[in-house]
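Letter by letter, the chains look like this.
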Amino acid sequence: MSTKSKKRIWGDFTGNDLTNIETKTIVAQGVEIAFQSGHQSIQVLKNINLEIQRGDIEILMGPSGSGKTTLLSILAGLLTPDQGKVYLLGEEITKMSRNQLAQFRRENIGFIFQNFNLFPALTAAENVEVVLNLKGFRGEKAKQQSQILLEQVGLFLQAHQKPSDLSGGQKQRVAIARALAGHPRIIMADEPTAALDSQSGHKVIELLRRLAKEEGCTVLMVTHDPRILDVADRVTYLEDGILKETENQDIHKTS
Ligand SMILES: Nc1ncnc2c1ncn2[C@@H]1O[C@H](COP(=O)(O)OP(=O)(O)OP(=O)(O)O)[C@@H](O)[C@H]1O
Ligand SMILES: [Mg+2]
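Bear in mind the structure is a predicted one, so any value in this text is a computation, not a measurement.

### Comments concerning the site of ligand 1
Right, on to step 1. In the vicinity of ligand 1, the contacting residues are Phe-35, Val-44, Gly-62, Ser-64, Gly-65, Ser-66, Gly-67, Lys-68, Thr-69, Thr-70 and Gln-114.
Right, on to step 2. Sort the elements by how many residues they give to the shell around ligand 1 and helix H2 (residues 68-75) lands first, with three residues.
Right, on to step 3. When its residues are assigned to classes, the shell around ligand 1 shows two nonpolar, eight polar and one charged.

Structure representation (structure tokens):
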């Protein structure tokens, strides 16, 4: 079966079994969050239910301000929802302590932030090494791994440059190399190819596809990039705080 014909669209996906949480890599049940804006409370996410299987590439789309980054942050345990539960790899992260959560994230999740979140004073290689150190790689081993990761994203020559000397696309690729450090079982990415030219974008998409399909890594991505739709197993659409049923055609129109 080709990747394309296997693609499932939110709403067409049947056979969900919310009780069988252990077999799903990412599960959200009844997730809600509101933000205060002046005297007003804005309900950004309303009763979000989601299940993602191991090795799947799931795309999250939706208009600017619809809550995609907020949802991704909640699913990664970076933000606590007002209501609802999140399970990752069968464990409920919404009831973990701050320390447990930090350790769980370190061991299992690679997160690519929309604004890259690089350390400005460190070189590209050091930015990757810092994460590798947190994951237990030390000294020469961390240096070697960092070189391999930077090479994978096509940044071998820029390894010793600082973020201020890198282009937007190069910074994005450092952020990707960093997220892949230590082989996380889950990768969450916020617009990972937005700043990339066609060639590097293609390279990153192929890298994510390989991690998912050959190494069983589960990938959840926010993107408007139509190239990524080709490797996606499922596309979900967030609007007005809920995940809506969407036709494939509509998704292509919004990208
Ligand atoms: N910490 C916060 N405090 C108050 N409001 C917030 C906070 N974070 C997000 N919001 C609001 O929640 C809404 C959703 O924001 P979010 O960043 O999740 O949107 P998005 O879909 O990722 O948008 P974009 O496509 O532009 O990145 C916006 O109205 C935003 O202003
Ligand atoms: Mg966003």
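### Overview of the environment of Gly-84
Right, on to step 1. Note that Gly-84 resides in strand S5 (residues 83-88).
Right, on to step 2. Beyond its immediate stretch of four places on either side in the chain, Gly-84 contacts Ala-28, Gln-29, Gly-30, Val-31, Glu-32 and Ile-48.

### Details of the nonpolar core
Right, on to step 1. Formed by 67 residues in total, the largest nonpolar core has its most connected members in Leu-75, Val-128 and Met-188.
Right, on to step 2. Filtering out sequence-adjacent residues up to four positions away, Val-128 remains in contact with Ser-146, Leu-149, Leu-150, Val-174, Ala-177, Arg-178 and Ala-181.

### Describing the sheet that holds S5
Right, on to step 1. Spatially, four strands are ordered S3-S2-S5-S6 in an open sheet, and the strand pairing comes out antiparallel. Edge positions in the open sheet fall to strand S3 (40-53) and strand S6 (91-92), since each of these has one partner strand only.
Right, on to step 2. Relative to S6, S5 is paired through two bridges, and the arrangement is antiparallel. Bridging from a neighbouring strand, Leu-88 pairs with Glu-91 of S6.
Right, on to step 3. Contacts from H2 reach strand S2 (24-37), S3 and S5 within the one sheet, and its direction differs from that of S2 by about 125°.

### A look at the packing of helix H4 (residues 124-134) against helix H5 (residues 139-152)
Right, on to step 1. Contact pair H4 / H5: the axes reach a minimum separation of 9 Å and the direction vectors enclose 120°. In terms of orientation, H4 and H5 fall into the oblique class. Between H4 and H5 lies a crossing whose hand is right-handed. Contacts between H4 and H5 pair Ala-124, Ala-125, Val-128, Glu-129, Leu-132 and Asn-133 from the former with Ala-142, Lys-143, Gln-145, Ser-146, Gln-147, Leu-149 and Leu-150 from the latter.
Right, on to step 2. For the contact of H4 with H5, the residue count by class is seven nonpolar, four polar and two charged.

### Here we look at the packing of H4 against helix H6 (residues 168-180)
Right, on to step 1. It is the contact of H4 with H6, at a shortest axis distance of 8 Å, that shows an interaxial angle of 25°. Between H4 and H6, the angle falls in the class roughly parallel. The handedness of the crossing between H4 and H6 is right-handed. In contact with Ala-124, Asn-127, Val-128 and Val-131 of H4, H6 contributes Val-174, Ala-177 and Arg-178.
Right, on to step 2. Across the contact of H4 with H6, the residue classes tally to five nonpolar, one polar and one charged.

### Observations concerning the environment of Leu-220
Right, on to step 1. With respect to the helices and strands, Leu-220 occurs in strand S9 (residues 218-222).
Right, on to step 2. Given 24 C-beta atoms within 10 Å, Leu-220 falls into the buried group.
Right, on to step 3. Residues Leu-220 and Arg-234 lie 14 residues apart in sequence; the distance between their C-alpha atoms is 9.8 Å.
Right, on to step 4. The residues touching Leu-220, leaving out its near neighbours within four places in the chain, are Ile-26, Ile-52, Glu-58, Leu-60, Leu-72, Leu-75 and Met-188.

### Concerning the confidence of the model for the protein chain
Right, on to step 1. The share of residues in the protein chain with pLDDT of 70 or more is 87%, and the mean pLDDT across the chain is 87.
Right, on to step 2. Confidence drops under pLDDT 50 across residues 8-19; counting only partners more than four residues distant or on other chains, this segment forms 20 contacts.
Right, on to step 3. Every residue in residues 247-255 is under pLDDT 50, and counting partners more than four places away or in other chains gives twelve contacts.

Conventions and cut-offs
The residue numbers shown here count from 1 along each chain, following its written sequence. Here every chain gets a letter starting at A, and every ligand a number starting at 1, in the order they are written. Where totals are concerned, whole chains, interfaces and linings use all residues; where local detail is concerned, this predicted model gives features only for residues with pLDDT of at least 70, and gives and counts side-chain atom pairs only at 80 or more. Each residue gets a C-beta atom placed from its backbone. Should that atom fall within 6 Å of a molecule or strand, the residue is termed near it. Secondary structure elements are defined from DSSP: runs of H or I of at least 4 residues count as helices, runs of E of at least 2 residues count as strands, and each element is numbered from the N terminus. By the convention adopted, Pro, Cys, Tyr, Trp, Phe, Met, Ile, Leu, Val and Ala count as nonpolar, Lys, Arg, Asp and Glu as charged, and the other residues, Gly among them, as polar. Throughout, a residue-residue contact means that the two C-beta atoms, derived from backbone geometry, are no farther apart than 7 Å. Note on terminology: a nonpolar core is a set of buried residues of type Ala, Val, Leu, Ile, Met, Phe, Trp, Tyr or Cys, with members joined through C-beta atoms within 7 Å. Any residue whose C-beta has 12 or fewer other C-beta atoms within 10 Å is treated as exposed, any with 20 or more as buried, and any in between as partly exposed, C-beta atoms being built from the backbone. Here, a strand pair is defined by DSSP locating no fewer than two bridges between the strands. Every axis corresponds to a line fitted to the C-alpha atoms, with the helix fit spanning only the stretch in contact, and the corresponding angles, defined between N-to-C directions, vary from 0 to 180 degrees. Here the word oblique covers every angle except those under 35 degrees (roughly parallel), over 145 (roughly antiparallel) and from 65 to 115 (roughly perpendicular). For any helix crossing, the convention is left-handed if the near helix is rotated counterclockwise from the far helix by under a right angle, and right-handed if that rotation is clockwise. Residue-level confidence of the predictor, termed pLDDT, takes values from 0 up to 100.

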